[in-house]
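Fold and geometry: a report
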Amino acid sequence: MAAIFEAARLGLGGLAVTVGLLFMLGGAIGVLRFPDIYTRLHGATVANPLGAVLVVIGLTVSAPTVGLAIKLALMGALLAALGPLWSHVFASAAHAGGLAPITGKYIAPRPGSGVSTGDVS
């Protein structure tokens, strides 16, 4: 019976880690695909902290000792609390630096065209 519980616990932990990594991959793709700092910041700071917390939850479930599980849970809580804080800090710094968001229709540059930015109307 203990072996079944152990396998279920490790399977659940592995599933949480996998889902967290998929969220983090989505955030990384958002950083690469979005056109300006504010939309990139949104993509990164929504998906990545959630993904990181899910990874830590998966590791917490899979932890071999209770002490390690408690430490990982505290680290997950810290990551969940700091995600919105860093988002606000980065957005405030971008605004204070004079970076304006892209307005209007954004046309992405074509791969291989040699143009580094899209046309903004």
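Refer to the structure printed above.
This write-up is about the structure you can find in this document. (Residues numbered from 1 in each chain as written. Predicted model: local features only at pLDDT ≥ 70, side-chain atom pairs only at ≥ 80, totals over all residues. Heavy atoms only, no water.)

**With respect to the overall build of the protein**
Regarding its fold elements, the protein presents three helices and zero strands. In the protein, the succession of helices and strands from N to C terminus is α-α-α. Taking 2.2 N^0.38 as the reference for a compact globule, 121 residues should give roughly 14 Å; the C-alpha atoms of the protein span a radius of gyration of 19 Å, well beyond that estimate. Its C-alpha atoms put the protein at 65 × 35 × 20 Å along the principal axes. Residues counted as buried form 23% of the 121 residues belonging to the protein. (Helix = DSSP H or I, 4+ residues; strand = E, 2+ residues; numbered from the N terminus. Rg over C-alpha atoms; globule rule 2.2 N^0.38 Å. Buried < 20%, exposed > 50% of the residue type's maximum accessible area, 1.4 Å probe, protein only.)

**So, the environment of Ala81**
Mapped onto the elements of the fold, Ala81 is located in helix α3 (residues 66-96). C-alpha of Ala81 to C-alpha of Pro49: the two residues are 32 residues apart in sequence and 9.0 Å apart in space.

**A closer look at α3**
The end-to-end C-alpha separation of α3 is 45 Å, in line with the 45 Å expected for 31 residues at 1.5 Å each. Of all the bends in α3, the greatest reaches close to 30° and is centred on Leu82; the proline Pro84 follows between one and four positions later. Taken together, the buried positions of α3 are Ala69, Leu72, Gly76, Gly83, Ser87 and Ala94. Looking at the buried side of α3, the elements it contacts are α2 (37-62). Downstream of α3 by one or two residues, Gly98 has phi in the positive range, about 90°. (Expected span 1.5 Å × (residues − 1). Bend = angle between axes of the 7 residues up to and from the residue. Contact = heavy atoms within 4.5 Å.)

**What about the packing of α2 against α3?**
For the pair α2 and α3, interaxial distance at closest approach is 8 Å and the crossing angle is 175°. Here α3 runs roughly antiparallel to α2, going by the angle between their axes. For the contact of α2 with α3, the class distribution of residues is 17 nonpolar, six polar and no charged. (Axes fitted to C-alpha atoms, helices over the stretch in contact; angles between N-to-C directions. Parallel < 35°, antiparallel > 145°, perpendicular 65-115°, else oblique. Nonpolar A, V, L, I, M, F, W, Y, C, P; charged D, E, K, R; others polar.)

**Notes on the side chain of Thr45**
Within the fold, Thr45 resides in helix α2. A distance of 2.6 Å separates a polar side-chain atom of Thr45 from the backbone oxygen of Leu41. Among the polar contacts made by the side chain of Thr45, one reaches the side chain of Ser87 at a distance of 3.3 Å. (Polar contact = N/O pair within 3.5 Å; in protein donor to acceptor, adjacent residues only side chain to side chain.)

**A few points about a nonpolar patch on the surface**
Together, Leu78, Leu82, Leu85, Trp86, Val89 and Phe90 make up an exposed nonpolar region whose accessible area comes to about 550 Å². Counting through the fold element by element, Trp86 comes out in helix α3. (Patch = residues over 30% accessible without salt bridge, like charges linked within 9 Å, V, L, I, M, F, W, Y side chains within 5 Å. Areas by Shrake-Rupley, 256 points an atom, 1.4 Å probe, with all protein chains shown as cover. Salt bridge = Lys/Arg side-chain N within 4 Å of Asp/Glu carboxyl O.)

**Looking at the environment of Gly30**
Here Gly30 lies in helix α1 (residues 2-33). As a C-alpha pair, Gly30 and Leu72 span 42 residues in sequence and 27 Å in three-dimensional space.

**Quick notes on the environment of Gly83**
By the element assignment, Gly83 lies in helix α3. The exposure class of Gly83 is buried, given its relative accessible area of 8%. On a C-alpha basis, the gap between Gly83 and Ala44 in space is 9.6 Å, while along the polypeptide they are 39 residues apart.

**Comments concerning the packing of α1 against α2**
Contact geometry of α1 with α2 gives a least axis separation of 7 Å together with a crossing angle of 165°. Comparing the axis directions of α1 and α2 gives the class roughly antiparallel. In this structure, α1 meets α2 at a crossing whose hand is left-handed. (Left-handed = near helix turned anticlockwise from the far one by under 90°.)

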